[in-house]
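Spelled out, the chains give:
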Amino acid sequence: MRGFAGTPGTLTALMLRVSQCLFASCSLVSMVTTQRFSTVTAFCYLIASMGVLSIWSLGLACMDAYAITRKKDLRNPALVSILVVGDWLTGILSLSAASASAGVAVLYFHDLDACSNIQGCSKYQLSVSLAFLSWISVHSSFLIMLWLLAAF
């Protein structure tokens, strides 16, 4: 299992964590810069979940970068178990927030035609899209960690 892509402390894992953090942070910034995000509970939930995901991913990206620079081996069952549970929780959180926000966005854009400010509406769509992209990268990390845990 030495050359397994995505294991903790490898360049692939670092790239996955950086992409998670980047997508989640951009989603958060895109939503926060709109004018009326605080009136919709799903959008507030998206902001909270992307904030948690950004912090989680940034911490693990720092851990991977440290392991790469110091040539440390981070593959032990206890750490991988924590990563599996953390990725699973943040994945569930981000998918539910992205899905709820997507439902509200579709309601606004297509069903109610309540989108008077086109720039604000496009920011809602961008934020939801980035949230789904962050979930895809979290889910990839989760599957890699789960596979690695099963291999121990």
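Structure report, in brief. (Residues numbered from 1 in each chain as written. Predicted model: local features only at pLDDT ≥ 70, side-chain atom pairs only at ≥ 80, totals over all residues. Heavy atoms only, no water.)

Counting its regular elements, the chain contains four helices and zero strands. Of the regular secondary structure in the chain, the N- to C-terminal order runs α-α-α-α. Counting only C-alpha atoms and orienting by the principal axes, one finds that the chain spans roughly 55 × 25 × 20 Å. A buried classification covers 43% of the 152 residues belonging to the chain. Here the analysis covers contacts within the chain between residues at least 6 apart in sequence; of these, 82% occur between residues at least 24 apart. Only carbon and sulfur atoms are counted for the fraction: they give 71% of the accessible area of the chain, which is about 8,000 Å². (Helix = DSSP H or I, 4+ residues; strand = E, 2+ residues; numbered from the N terminus. Buried < 20%, exposed > 50% of the residue type's maximum accessible area, 1.4 Å probe, protein only. Contact = heavy atoms within 4.5 Å. Areas by Shrake-Rupley, 256 points an atom, 1.4 Å probe, with all protein chains shown as cover.)

Here we take up the packing of helix H2 (residues 41-70) against helix H3 (residues 77-111). The interhelical angle for the contact between H2 and H3, taken along N-to-C directions, is 150°, at an axis separation of 9 Å. It follows that H2 is roughly antiparallel to H3 by the angle criterion. Handedness of the H2/H3 crossing: left-handed. The residue makeup of the contact of H2 with H3, split by class, is 20 nonpolar, six polar and one charged. (Axes fitted to C-alpha atoms, helices over the stretch in contact; angles between N-to-C directions. Parallel < 35°, antiparallel > 145°, perpendicular 65-115°, else oblique. Left-handed = near helix turned anticlockwise from the far one by under 90°. Nonpolar A, V, L, I, M, F, W, Y, C, P; charged D, E, K, R; others polar.)

By secondary structure assignment, the location of Ser141 is in helix H4 (residues 118-151). For Ser141, a relative accessible area of 3% corresponds to the buried category. When sequence neighbours within four positions are dropped, the list of residues in contact with Ser141 reads Leu16, Arg17, Gln20 and Asp87.

Moving on: the packing of helix H1 (residues 11-32) against H2. Here H1 crosses H2 at 155°, and the two axes come no closer than 8 Å. With respect to each other, H1 and H2 are oriented roughly antiparallel. As H1 runs across H2, the sense of the crossing is left-handed. Tallied by class, residues from the contact of H1 with H2 come to 20 nonpolar, six polar and two charged.

With that out of the way, let us pick up unusual backbone geometry. Positive phi is not limited to glycine here, since Lys71 has a value of about 55°. The residue Lys71 is located in the loop between H2 and H3 in this model.

Counting across every chain of the model gives one cavity of 30 Å³ or more. If you add up the space inside the largest cavity, you get close to 70 Å³. Considering the residues around the largest cavity, the lining is formed by Gly6, Pro8, Ala13, Leu16, Arg17, Leu60, Met63, Asp64, Leu83, Ser141, Ile144 and Met145. Of the residues in the lining of the largest cavity, the class split is eight nonpolar, two polar and two charged. (1 Å grid on protein atoms, 1.4 Å probe; cavity = no way out; pocket = protein on both sides within 12 Å on 5 of 7 lines; lining within 4 Å. Points joined across faces, edges and corners; volume = space filled by probe spheres on them.)

Taken as a whole and judged by the stated rule, the model has two salt bridges. The residue Asp73 makes a salt bridge to Arg75 at a minimum N-O spacing of 3.1 Å. Given the relative accessible area of 19%, Arg75 is considered buried. (Salt bridge = Lys/Arg side-chain N within 4 Å of Asp/Glu carboxyl O.)

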